[in-house]
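A structural walkthrough
Next come the chains, spelled out residue by residue.
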Amino acid sequence: MNGLISAVGPVVAAIPSPSEHTWYIGPFPLRAYALAILAGIAVAVWLTRKRWVERGGEADDVLEIAFWAVPFGIVGGRLYHVISSPDAYWGPDGDPLKALRIWDGGLGIWGAIALGAVGAYIGCRRQKVSFPAFADALAPGLLLAQAIGRLGNWFNQELFGSPTTLPWGLQVDPSVADYVCSNAGLTCGAGTLFHPTFLYEMLWNVAAAFLLIYLDRRFRLGHGRVFWLYVLFYTLGRVWIEMLRIDDAELVLGLRLNVWTSILVGVGALIAFIVVGRRNPGREETVSLDAAEPEQADAARPDPGR
(Lines give C-alpha, C1' and ligand atoms only; values in the text may rest on other atoms or scores of the structure.)
Protein backbone atom coordinates (compact mmCIF):
# COMPACT_ATOMS: atom_id res chain seq x y z
CA MET A 1 0.00 0.00 0.00
CA ASN A 2 1.23 3.50 -0.71
CA GLY A 3 1.74 5.98 2.07
CA LEU A 4 -1.35 7.64 3.51
CA ILE A 5 -0.63 10.90 1.72
CA SER A 6 0.72 10.84 -1.82
CA ALA A 7 1.21 13.40 -4.57
CA VAL A 8 -1.19 13.65 -7.48
CA GLY A 9 0.06 16.09 -10.06
CA PRO A 10 2.37 18.94 -9.18
CA VAL A 11 0.38 20.44 -6.29
CA VAL A 12 -2.54 18.39 -5.04
CA ALA A 13 -2.09 15.80 -2.30
CA ALA A 14 -4.41 12.86 -1.93
CA ILE A 15 -5.40 9.87 0.18
CA PRO A 16 -4.79 6.71 -1.87
CA SER A 17 -7.15 3.77 -1.73
CA PRO A 18 -5.67 0.40 -0.74
CA SER A 19 -4.73 -1.74 -3.70
CA GLU A 20 -6.17 -4.90 -2.13
CA HIS A 21 -9.12 -5.70 0.11
CA THR A 22 -8.71 -9.48 0.43
CA TRP A 23 -5.75 -11.64 1.39
CA TYR A 24 -5.54 -15.41 1.33
CA ILE A 25 -4.12 -17.85 3.84
CA GLY A 26 -4.14 -20.95 1.68
CA PRO A 27 -7.72 -21.27 0.39
CA PHE A 28 -9.16 -19.08 3.17
CA PRO A 29 -9.85 -15.39 2.38
CA LEU A 30 -9.24 -12.60 4.87
CA ARG A 31 -11.40 -9.67 3.86
CA ALA A 32 -10.63 -6.17 5.11
CA TYR A 33 -14.33 -5.35 5.45
CA ALA A 34 -14.95 -8.32 7.74
CA LEU A 35 -11.81 -7.60 9.76
CA ALA A 36 -12.91 -4.00 10.26
CA ILE A 37 -16.34 -5.11 11.47
CA LEU A 38 -14.81 -7.64 13.87
CA ALA A 39 -12.31 -5.09 15.20
CA GLY A 40 -15.13 -2.62 15.77
CA ILE A 41 -17.16 -5.21 17.66
CA ALA A 42 -14.15 -6.06 19.83
CA VAL A 43 -13.58 -2.40 20.75
CA ALA A 44 -17.28 -1.88 21.48
CA VAL A 45 -17.37 -4.94 23.77
CA TRP A 46 -14.21 -3.83 25.59
CA LEU A 47 -15.47 -0.30 26.26
CA THR A 48 -18.99 -1.44 27.09
CA ARG A 49 -17.65 -3.90 29.68
CA LYS A 50 -15.78 -1.07 31.43
CA ARG A 51 -18.77 1.25 31.38
CA TRP A 52 -21.20 -1.50 32.40
CA VAL A 53 -19.14 -2.39 35.47
CA GLU A 54 -18.98 1.31 36.40
CA ARG A 55 -22.78 1.32 36.34
CA GLY A 56 -22.95 -1.65 38.67
CA GLY A 57 -23.32 -4.48 36.17
CA GLU A 58 -21.35 -7.71 35.77
CA ALA A 59 -18.68 -7.71 33.05
CA ASP A 60 -19.81 -11.11 31.75
CA ASP A 61 -23.27 -9.69 31.03
CA VAL A 62 -21.86 -7.83 28.04
CA LEU A 63 -20.66 -10.95 26.24
CA GLU A 64 -23.95 -12.72 26.90
CA ILE A 65 -25.93 -9.79 25.51
CA ALA A 66 -23.55 -9.37 22.54
CA PHE A 67 -24.21 -13.02 21.67
CA TRP A 68 -27.75 -11.93 20.80
CA ALA A 69 -27.20 -8.35 19.64
CA VAL A 70 -24.38 -8.87 17.11
CA PRO A 71 -26.08 -11.48 14.84
CA PHE A 72 -29.36 -9.56 14.95
CA GLY A 73 -27.51 -6.35 14.09
CA ILE A 74 -25.66 -7.86 11.12
CA VAL A 75 -28.86 -9.31 9.67
CA GLY A 76 -30.73 -6.05 10.22
CA GLY A 77 -27.94 -4.01 8.67
CA ARG A 78 -27.87 -6.17 5.58
CA LEU A 79 -31.66 -6.11 5.20
CA TYR A 80 -31.74 -2.32 5.37
CA HIS A 81 -28.94 -2.01 2.83
CA VAL A 82 -30.62 -4.36 0.35
CA ILE A 83 -34.01 -2.65 0.76
CA SER A 84 -32.61 0.89 0.51
CA SER A 85 -30.33 0.11 -2.48
CA PRO A 86 -32.34 -2.49 -4.40
CA ASP A 87 -31.08 -1.98 -7.96
CA ALA A 88 -27.89 -4.01 -7.47
CA TYR A 89 -30.02 -6.97 -6.37
CA TRP A 90 -33.44 -6.65 -8.00
CA GLY A 91 -32.81 -4.16 -10.83
CA PRO A 92 -32.53 -4.97 -14.56
CA ASP A 93 -28.89 -6.03 -14.22
CA GLY A 94 -29.13 -7.07 -10.58
CA ASP A 95 -28.29 -10.38 -8.97
CA PRO A 96 -30.48 -11.41 -6.00
CA LEU A 97 -27.78 -13.80 -4.77
CA LYS A 98 -25.49 -10.82 -4.17
CA ALA A 99 -27.75 -9.90 -1.27
CA LEU A 100 -26.13 -12.77 0.63
CA ARG A 101 -22.57 -11.63 -0.11
CA ILE A 102 -22.20 -9.52 3.00
CA TRP A 103 -18.41 -9.72 2.76
CA ASP A 104 -18.53 -7.47 -0.31
CA GLY A 105 -19.78 -4.61 1.85
CA GLY A 106 -23.16 -3.10 2.52
CA LEU A 107 -24.56 -2.79 6.06
CA GLY A 108 -27.19 -0.13 6.74
CA ILE A 109 -26.74 1.35 10.19
CA TRP A 110 -30.47 1.89 10.76
CA GLY A 111 -31.29 -1.76 10.21
CA ALA A 112 -28.31 -2.79 12.33
CA ILE A 113 -29.42 -0.60 15.23
CA ALA A 114 -33.09 -1.62 14.96
CA LEU A 115 -32.60 -5.39 14.90
CA GLY A 116 -29.48 -5.17 17.07
CA ALA A 117 -31.64 -3.49 19.71
CA VAL A 118 -34.08 -6.39 19.51
CA GLY A 119 -31.23 -8.82 20.09
CA ALA A 120 -29.84 -6.71 22.95
CA TYR A 121 -33.29 -6.54 24.55
CA ILE A 122 -33.57 -10.33 24.45
CA GLY A 123 -30.10 -10.62 25.97
CA CYS A 124 -30.90 -8.10 28.70
CA ARG A 125 -34.10 -9.92 29.64
CA ARG A 126 -32.23 -13.21 29.84
CA GLN A 127 -29.58 -11.61 32.08
CA LYS A 128 -32.29 -9.79 34.05
CA VAL A 129 -30.72 -6.37 33.62
CA SER A 130 -32.07 -3.01 32.51
CA PHE A 131 -32.13 -2.57 28.75
CA PRO A 132 -32.01 1.29 28.87
CA ALA A 133 -29.03 1.15 31.26
CA PHE A 134 -27.22 -1.28 28.96
CA ALA A 135 -27.95 0.93 25.93
CA ASP A 136 -26.36 3.85 27.78
CA ALA A 137 -23.25 1.79 28.55
CA LEU A 138 -23.04 0.66 24.93
CA ALA A 139 -23.53 3.98 23.12
CA PRO A 140 -19.93 5.34 22.99
CA GLY A 141 -18.53 1.93 22.05
CA LEU A 142 -21.10 1.67 19.29
CA LEU A 143 -19.82 4.90 17.77
CA LEU A 144 -16.23 3.66 17.93
CA ALA A 145 -17.30 0.39 16.28
CA GLN A 146 -18.95 2.32 13.47
CA ALA A 147 -15.81 4.44 13.03
CA ILE A 148 -13.57 1.38 12.74
CA GLY A 149 -16.05 -0.33 10.43
CA ARG A 150 -15.75 2.55 7.95
CA LEU A 151 -12.20 1.40 7.24
CA GLY A 152 -13.79 -1.53 5.43
CA ASN A 153 -15.46 0.91 3.03
CA TRP A 154 -12.05 2.47 2.35
CA PHE A 155 -10.54 -0.88 1.46
CA ASN A 156 -13.55 -1.72 -0.73
CA GLN A 157 -13.37 1.68 -2.48
CA GLU A 158 -17.04 2.39 -1.86
CA LEU A 159 -19.33 5.04 -0.40
CA PHE A 160 -17.02 7.94 -1.25
CA GLY A 161 -18.31 11.42 -1.96
CA SER A 162 -18.45 13.84 -4.85
CA PRO A 163 -15.37 15.10 -6.72
CA THR A 164 -13.19 17.56 -4.82
CA THR A 165 -9.95 19.49 -5.18
CA LEU A 166 -9.26 19.52 -1.45
CA PRO A 167 -5.78 18.27 -0.47
CA TRP A 168 -7.27 15.29 1.36
CA GLY A 169 -9.25 14.08 -1.66
CA LEU A 170 -9.52 10.33 -2.11
CA GLN A 171 -7.97 8.45 -5.03
CA VAL A 172 -9.89 5.46 -6.34
CA ASP A 173 -9.23 3.07 -9.21
CA PRO A 174 -10.22 4.60 -12.57
CA SER A 175 -12.66 1.77 -13.26
CA VAL A 176 -14.42 2.38 -9.93
CA ALA A 177 -14.49 6.14 -10.50
CA ASP A 178 -15.91 5.76 -14.01
CA TYR A 179 -18.64 3.38 -12.85
CA VAL A 180 -19.77 5.53 -9.91
CA CYS A 181 -19.54 8.81 -11.83
CA SER A 182 -21.48 7.47 -14.81
CA ASN A 183 -24.27 6.23 -12.53
CA ALA A 184 -24.37 9.65 -10.89
CA GLY A 185 -24.48 11.44 -14.25
CA LEU A 186 -21.03 12.96 -13.77
CA THR A 187 -18.00 13.12 -16.05
CA CYS A 188 -14.86 12.43 -14.05
CA GLY A 189 -11.57 12.83 -15.82
CA ALA A 190 -8.30 11.08 -15.07
CA GLY A 191 -6.92 11.94 -11.64
CA THR A 192 -10.29 13.03 -10.22
CA LEU A 193 -10.31 13.00 -6.41
CA PHE A 194 -13.35 12.44 -4.21
CA HIS A 195 -14.50 13.44 -0.75
CA PRO A 196 -13.32 10.68 1.66
CA THR A 197 -16.68 10.41 3.38
CA PHE A 198 -15.50 7.27 5.19
CA LEU A 199 -12.88 9.46 6.91
CA TYR A 200 -15.36 12.23 7.70
CA GLU A 201 -17.66 9.75 9.41
CA MET A 202 -14.79 8.10 11.27
CA LEU A 203 -13.65 11.42 12.74
CA TRP A 204 -17.21 12.50 13.54
CA ASN A 205 -17.99 9.24 15.31
CA VAL A 206 -14.80 9.26 17.39
CA ALA A 207 -15.39 12.87 18.46
CA ALA A 208 -19.03 12.09 19.30
CA ALA A 209 -17.98 9.02 21.34
CA PHE A 210 -15.67 11.08 23.54
CA LEU A 211 -18.31 13.79 23.89
CA LEU A 212 -20.84 11.18 25.05
CA ILE A 213 -18.42 9.86 27.66
CA TYR A 214 -17.81 13.38 28.94
CA LEU A 215 -21.50 14.34 29.10
CA ASP A 216 -22.39 11.03 30.77
CA ARG A 217 -19.83 11.56 33.52
CA ARG A 218 -20.53 15.26 33.90
CA PHE A 219 -24.33 14.97 34.19
CA ARG A 220 -24.72 11.33 35.32
CA LEU A 221 -27.13 10.53 32.52
CA GLY A 222 -29.24 7.40 32.68
CA HIS A 223 -32.49 5.68 31.67
CA GLY A 224 -31.46 5.56 28.01
CA ARG A 225 -30.52 9.22 27.61
CA VAL A 226 -26.91 8.50 26.60
CA PHE A 227 -28.21 6.25 23.85
CA TRP A 228 -30.63 8.88 22.60
CA LEU A 229 -27.78 11.41 22.53
CA TYR A 230 -25.79 8.88 20.51
CA VAL A 231 -28.59 8.71 17.95
CA LEU A 232 -28.87 12.51 17.84
CA PHE A 233 -25.13 13.10 17.41
CA TYR A 234 -24.77 10.40 14.78
CA THR A 235 -27.70 11.62 12.70
CA LEU A 236 -26.42 15.21 12.78
CA GLY A 237 -23.21 14.04 11.17
CA ARG A 238 -24.86 11.56 8.86
CA VAL A 239 -27.05 14.24 7.24
CA TRP A 240 -24.21 16.38 5.90
CA ILE A 241 -21.94 13.42 5.13
CA GLU A 242 -24.72 11.65 3.23
CA MET A 243 -25.30 14.77 1.14
CA LEU A 244 -21.72 14.49 -0.16
CA ARG A 245 -22.07 10.91 -1.42
CA ILE A 246 -22.71 10.05 -5.08
CA ASP A 247 -23.14 6.26 -4.91
CA ASP A 248 -26.45 4.66 -5.88
CA ALA A 249 -29.28 5.35 -3.44
CA GLU A 250 -33.04 5.62 -3.42
CA LEU A 251 -34.25 9.23 -3.68
CA VAL A 252 -37.32 10.60 -1.92
CA LEU A 253 -38.42 14.13 -2.89
CA GLY A 254 -34.98 14.77 -4.31
CA LEU A 255 -33.06 13.66 -1.22
CA ARG A 256 -31.36 10.38 -0.49
CA LEU A 257 -33.43 8.00 1.64
CA ASN A 258 -30.72 7.97 4.33
CA VAL A 259 -30.93 11.76 4.63
CA TRP A 260 -34.65 11.60 5.38
CA THR A 261 -34.10 8.70 7.74
CA SER A 262 -31.40 10.64 9.59
CA ILE A 263 -33.61 13.70 9.94
CA LEU A 264 -36.63 11.77 11.20
CA VAL A 265 -34.63 9.54 13.54
CA GLY A 266 -32.65 12.51 14.85
CA VAL A 267 -35.78 14.51 15.67
CA GLY A 268 -37.26 11.44 17.36
CA ALA A 269 -34.08 10.98 19.42
CA LEU A 270 -34.15 14.61 20.56
CA ILE A 271 -37.78 14.28 21.66
CA ALA A 272 -37.05 11.00 23.45
CA PHE A 273 -34.05 12.52 25.25
CA ILE A 274 -36.17 15.40 26.56
CA VAL A 275 -39.15 13.25 27.57
CA VAL A 276 -37.04 10.61 29.32
CA GLY A 277 -35.06 13.31 31.13
CA ARG A 278 -38.22 14.87 32.52
CA ARG A 279 -39.66 11.56 33.63
CA ASN A 280 -36.44 10.03 34.96
CA PRO A 281 -33.78 12.61 35.85
CA GLY A 282 -30.43 11.30 36.96
CA ARG A 283 -29.17 7.73 36.67
CA GLU A 284 -30.56 4.35 37.71
CA GLU A 285 -29.69 3.23 41.21
CA THR A 286 -29.35 -0.34 39.99
CA VAL A 287 -29.08 -2.09 36.63
CA SER A 288 -30.53 -5.34 37.96
CA LEU A 289 -34.18 -6.05 37.24
CA ASP A 290 -34.32 -8.40 40.22
CA ALA A 291 -33.26 -5.57 42.51
CA ALA A 292 -35.54 -3.02 40.90
CA GLU A 293 -38.74 -5.08 41.09
CA PRO A 294 -38.85 -5.38 44.91
CA GLU A 295 -38.25 -1.62 45.19
CA GLN A 296 -41.17 -0.94 42.85
CA ALA A 297 -43.36 -3.36 44.79
CA ASP A 298 -42.46 -1.67 48.10
CA ALA A 299 -43.28 1.73 46.64
CA ALA A 300 -46.69 0.52 45.46
CA ARG A 301 -47.56 -1.17 48.79
CA PRO A 302 -49.75 1.09 51.05
CA ASP A 303 -48.26 2.30 54.32
CA PRO A 304 -49.91 0.22 57.11
CA GLY A 305 -49.57 3.11 59.50
CA ARG A 306 -51.99 5.27 57.60
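As shown above, the structure is provided for reference.
Residues numbered from 1 in each chain as written. Predicted model: local features only at pLDDT ≥ 70, side-chain atom pairs only at ≥ 80, totals over all residues. Heavy atoms only, no water.

Moving on to the overall build of the chain. Along its length, the chain carries 10 helices and nine strands. Out of the 306 residues in the chain, the part that is buried amounts to 44%. Residue pairs in contact within the chain that sit at least 24 positions apart in sequence constitute 75% of those at least 6 positions apart. Per element, the accessible surface of the chain, about 16,500 Å² overall, is 66% carbon and sulfur. (Helix = DSSP H or I, 4+ residues; strand = E, 2+ residues; numbered from the N terminus. Buried < 20%, exposed > 50% of the residue type's maximum accessible area, 1.4 Å probe, protein only. Contact = heavy atoms within 4.5 Å. Areas by Shrake-Rupley, 256 points an atom, 1.4 Å probe, with all protein chains shown as cover.)

Another point: the packing of helix H8 (residues 225-244) against helix H9 (residues 257-279). When two helices pack together, their arrangement is given by the angle between their axes and by how far apart the axes lie. Where H8 contacts H9, the axes come no closer than 8 Å and their chain directions differ by 155 degrees. As summarised for this structure, H8 and H9 are arranged roughly antiparallel, according to the angle between their axes. For H8 against H9, the interelement crossing comes out left-handed. Residue-level contacts link Arg225, Trp228, Leu229, Val231, Leu232, Thr235, Arg238, Val239, Glu242 and Met243 of H8 to Asn258, Val259, Ser262, Ile263, Val265, Gly266, Ala269, Leu270, Ala272, Phe273, Val276 and Gly277 of H9. Taken together, the residues of the contact of H8 with H9 break down into 14 nonpolar, five polar and three charged. (Axes fitted to C-alpha atoms, helices over the stretch in contact; angles between N-to-C directions. Parallel < 35°, antiparallel > 145°, perpendicular 65-115°, else oblique. Left-handed = near helix turned anticlockwise from the far one by under 90°. Nonpolar A, V, L, I, M, F, W, Y, C, P; charged D, E, K, R; others polar.)

Quick look at the pairing of strand E4 (residues 28-31) now. Bridging between strand E3 (residues 22-25) and E4 involves four bridges; their strand directions are antiparallel. What sits directly across from threonine 22, in E4, is arginine 31. Linkage of E3 to E4, two consecutive antiparallel strands, is achieved through a turn of two residues, within which glycine 26 is found at a positive phi near 65 degrees. (Pairing = 2+ DSSP bridges.)

Positive phi, normally seen in glycine, also occurs at lysine 128, with a value near 60 degrees. Inspection of the secondary structure assignment puts lysine 128 in the loop between helix H4 (109-127) and helix H5 (131-156).

The full count for this structure, using the stated rule, is 13 aromatic pairs. Look at tryptophan 110 and tyrosine 234: their rings are 5.7 Å apart centre to centre, the planes differ by 70 degrees, and that puts the pair in the edge-to-face class. Residue tryptophan 110 is located in helix H4, and its partner tyrosine 234 is located in helix H8; the two are separated by 124 residues in the primary sequence. Residue tryptophan 110 is classed as buried on the basis of its relative accessible area of 12%. A relative accessible area of 2% places tyrosine 234 in the buried class. With a centroid separation of 6.5 Å and an interplanar angle of 25 degrees, the aromatic rings of tyrosine 230 and tyrosine 234 are classed as stacked. Of the two residues, tyrosine 230 and tyrosine 234 are both situated in helix H8; the distance of four residues between them amounts to about one turn of the helix. Residue classification places tyrosine 230 among the buried positions, given a relative accessible area of 2%. In this structure, arginine 218 packs its charged tip against the face of phenylalanine 219, placed 4.9 Å from the ring centre. (Phe/Tyr/Trp six-rings, centres within 6.5 Å; stacked < 30°, edge-to-face > 60°. Lys NZ or Arg CZ within 6 Å of the ring centre and 35° of its normal.)

Here we come to the packing of H4 against H8. At a minimum axis separation of 13 Å, H4 and H8 run at an interaxial angle of 170 degrees. If you check the angle between H4 and H8, you find them roughly antiparallel. Together, Ile109, Trp110 and Ile113 of H4 and Phe227, Tyr230, Tyr234, Thr235 and Arg238 of H8 make up the contact between the two elements. In terms of residue class, the contact of H4 with H8 is built from six nonpolar, one polar and one charged.

Time to look at a nonpolar patch on the surface. The grouping of Trp23, Ile25, Phe28, Leu30, Leu35 and Leu38 at the surface amounts to a nonpolar patch, some 610 Å² of accessible area in total. Elements that contribute at least two residues to the nonpolar patch include exactly E3, E4 and helix H1 (32-54). Structurally, phenylalanine 28 can be placed in strand E4. Note on phenylalanine 28: relative accessible area 59%, which makes it exposed. (Patch = residues over 30% accessible without salt bridge, like charges linked within 9 Å, V, L, I, M, F, W, Y side chains within 5 Å. Salt bridge = Lys/Arg side-chain N within 4 Å of Asp/Glu carboxyl O.)

A separate point is empty space enclosed by the protein. Taken as a whole and assessed by the stated rule, the structure comprises two cavities of 30 Å³ or more. For the largest cavity, the full set of lining residues is Arg150, Asn153, Leu159, Thr197, Phe198, Glu201, Ile241 and Arg245. A per-element tally of the lining of the largest cavity places helix H7 (residues 197-219) first, with three residues. Of the residues contributing to the lining of the largest cavity, the split by class is three nonpolar, two polar and three charged. What lines the second largest cavity is simply Asn153, Trp154, Gln157, Glu158, Leu159, Phe160, Leu170, Thr197 and Phe198. Elements that contribute at least two residues to the lining of the second largest cavity include exactly H5 and H7. Split into classes, the residues belonging to the lining of the second largest cavity amount to five nonpolar, three polar and one charged. (1 Å grid on protein atoms, 1.4 Å probe; cavity = no way out; pocket = protein on both sides within 12 Å on 5 of 7 lines; lining within 4 Å. Points joined across faces, edges and corners; volume = space filled by probe spheres on them.)

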